[in-house]
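Residues per chain, in single letters:
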Amino acid sequence: MRIVIHRTAQDAGTALARFVARVLQLQPDVTLGLPTGQTPILFYRELVALHRAGEADFRQATTFNLDEFAGISGDDPRSFRTFMRKHLFSHVNLPPDRAHVLDGGRKDWRSEIREFESAMTAAGGLDLVLLGIGRNGHIGFNAPASALAARTHRTRLMAGTRRANAALAGGDWRRVPTHALSMGIGTMLEARAVVLLATGSDKAGVIGRALRGPITTRLPASMLQLHPNVLVVIDRAAATRL
Ligand code: F6R
């Protein structure tokens, strides 16, 4: 595991954007796993700037988002597809049919998660998965539990996770959907490379526990210690408990 500590959140986002742009240059047909949330916004902004500067070409790339809310459509303003459209998809030349986001509005969610996993397999698996981390150690929507799902699955969201996503629902956490679809830990760990992005002092405790503490399903991000190729990109504020 390689840990790179940047001075500020902006520096971390800029460095990660440069890293991904470089990956796109070296492997134009790369398959990426992508996160949503507050943390990657600066990163997406920088990545869009690099695309506009001609340094990040998505024409041959394929992406799979980590998760999506269930029970709402991709057009809903609360959806992660809307988030991705706003922060990345509508600004870069990624072909829409290769920008995979789980369809949380589909009634037959079992078929949806099966087809999502099949599409990932057909794309040759994830080359690089980018992850954020929740304060309780969740990655994707894999919350702390006595057992974790390996594959893409449907899950009930904890109240704390819904509160953390309130910004997507006009600040009212009760309007955040109660369920979500999420990649499983196994799917993430099968990616050839993993990057974990975390910034801010409120992530310092969980970063310390996830990277230095015991591996446990009670802290899903601790599982990343099992992966042979992990890059952790953090700012100083998130690095104080390492
Ligand atoms: C979202 C996701 C989540 C977030 C986590 C941190 O796609 O995978 O695990 O990474 O909730 O969110 P922020 O960045 O808002 O603190």
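Since we're looking at a predicted model, the values are computed, not measured.

About the cut-offs
- Residues numbered from 1 in each chain as written.
- Predicted model: local features only at pLDDT ≥ 70, side-chain atom pairs only at ≥ 80, totals over all residues.
- Heavy atoms only, no water.
- Helix = DSSP H or I, 4+ residues; strand = E, 2+ residues; numbered from the N terminus.
- Rg over C-alpha atoms; globule rule 2.2 N^0.38 Å.
- Buried < 20%, exposed > 50% of the residue type's maximum accessible area, 1.4 Å probe, protein only.
- Contact = heavy atoms within 4.5 Å.
- Pairing = 2+ DSSP bridges.
- Axes fitted to C-alpha atoms, helices over the stretch in contact; angles between N-to-C directions.
- Parallel < 35°, antiparallel > 145°, perpendicular 65-115°, else oblique.
- Left-handed = near helix turned anticlockwise from the far one by under 90°.
- Nonpolar A, V, L, I, M, F, W, Y, C, P; charged D, E, K, R; others polar.
- Phe/Tyr/Trp six-rings, centres within 6.5 Å; stacked < 30°, edge-to-face > 60°.
- Core = buried A, V, L, I, M, F, W, Y, C linked by side-chain atoms within 4.5 Å.
- Lys, Arg positive; Asp, Glu negative; His and termini not counted.
- Salt bridge = Lys/Arg side-chain N within 4 Å of Asp/Glu carboxyl O.
- Polar contact = N/O pair within 3.5 Å; in protein donor to acceptor, adjacent residues only side chain to side chain.
- Near = heavy atom within 4 Å.
- Areas by Shrake-Rupley, 256 points an atom, 1.4 Å probe, with all protein chains shown as cover.

Moving on, we come to the overall build of the protein. A tally of regular secondary structure across the protein gives 7 helices and 10 strands. Relative to a compact globule of 242 residues, whose C-alpha radius of gyration would be 18 Å, the protein shows 17 Å and is just as compact. Considered along the principal axes of its C-alpha atoms, the protein spans approximately 45 × 40 × 35 Å. Sorting the 242 residues of the protein into buried and exposed places 54% on the buried side. Counted over contacts in the protein with a minimum sequence separation of 6, partners at least 24 positions apart contribute 79%.

Here the focus is the sheet that holds strand 4 (residues 67-69). The strands that make up a sheet pair up through hydrogen bonds in the backbone, lying either parallel or antiparallel. As summarised here, the arrangement of the 3 strands in space is 4-8-7, forming an open sheet in which the pairing is antiparallel. Edge strands, defined here as strands with exactly one partner in the open sheet, are strand 4 and strand 7 (153-156). Each strand of the sheet is rotated relative to its neighbour by a mean of 25 degrees, with strand direction disregarded.

So, on to the packing of helix 1 (residues 9-26) against helix 2 (residues 40-52). Contact pair helix 1 / helix 2: the axes reach a minimum separation of 8 Å and the direction vectors enclose 45 degrees. What the angle tells us is that helix 1 and helix 2 run oblique. For helix 1 against helix 2, the interelement crossing comes out right-handed. In contact with Ala9, Gln10, Gly13, Thr14, Leu16, Ala17, Arg18, Val20 and Ala21 of helix 1, helix 2 contributes Leu42, Phe43, Glu46, Leu47 and Leu50. Here the contact of helix 1 with helix 2 is built from residues that sort into 9 nonpolar, 3 polar and 2 charged.

This part takes up the packing of aromatic side chains. Applying the stated criterion across every chain yields a total of 6 aromatic pairs. With 6.4 Å between their ring centres and 70 degrees between their planes, Tyr44 and Phe83 make a pair best called edge-to-face. Of this pair, Tyr44 sits in helix 2 while Phe83 sits in helix 3 (residues 80-87), and the two are 39 residues apart along the sequence. One aromatic cluster is present, built from ring pairs that chain together Phe43, Tyr44 and Phe83.

Taking strand neighbours across the sheet as the criterion, the 7 strands line up as 1-10-9-6-2-3-5 in an open arrangement whose pairing is parallel. Pairing within the sheet leaves two strands with one partner each, and these edge strands are strand 1 (2-6) and strand 5 (99-100). Here strand 3 (residues 62-65) pairs with strand 5 via 2 bridges, running parallel. If you follow Thr63 over to strand 5, its bridge partner there is Ala99. The sheet strands contacting helix 4 (residues 109-122) are strand 3 and strand 5, and the helix crosses strand 3 at an angle near 150 degrees.

Grouped together as the largest cluster of nonpolar side chains are 34 residues, with contacts concentrated most on Phe43, Phe58 and Leu88. Looking at this core element by element, the count peaks at 7 residues for helix 1. Beyond its immediate sequence surroundings of up to four residues, Phe43 is in contact with Gly13, Leu16, Ala17, Val20, Leu130 and Leu197. The next biggest cluster of nonpolar side chains, apart from the first, holds 32 residues, and it includes Ile133, Leu196, Leu211 and Leu224.

Residues lying three or four places apart along an α-helix face the same way, a consequence of the helix completing one turn every 3.6 residues. Listed in full, the buried residues belonging to helix 3 are Phe80, Thr82, Phe83, Met84 and His87. Lining the buried residues of helix 3 we find strand 2 (31-34), helix 2, strand 3 and strand 4.

Tracing the sequence through the fold places Arg162 in helix 5 (residues 159-164). Buried within the structure, Arg162 lacks any salt-bridge partner; Asp172 is the closest side chain of opposite charge, at an N-O distance of 7.6 Å. Within the local environment of Arg162, its side chain forms a polar contact with the backbone oxygen of Arg174, the two atoms lying 3.4 Å apart. In this structure, Arg162 is in contact with Leu157, Trp173, Arg174, Val176, Pro177 and Thr178, ignoring residues within four places of it in sequence.

Taken together, 14 residues lie near the ligand, and Gln38, Thr39, Asp67, His138 and Lys203 sit nearest. Within the side chain of Thr36, an N or O atom sits 2.8 Å from an oxygen atom of the ligand. Residue Lys203 places a side-chain N or O atom 2.7 Å away from an oxygen atom belonging to the ligand. In the complex, 89% of the free accessible area of the ligand, which totals 410 Å², lies under the protein chains.

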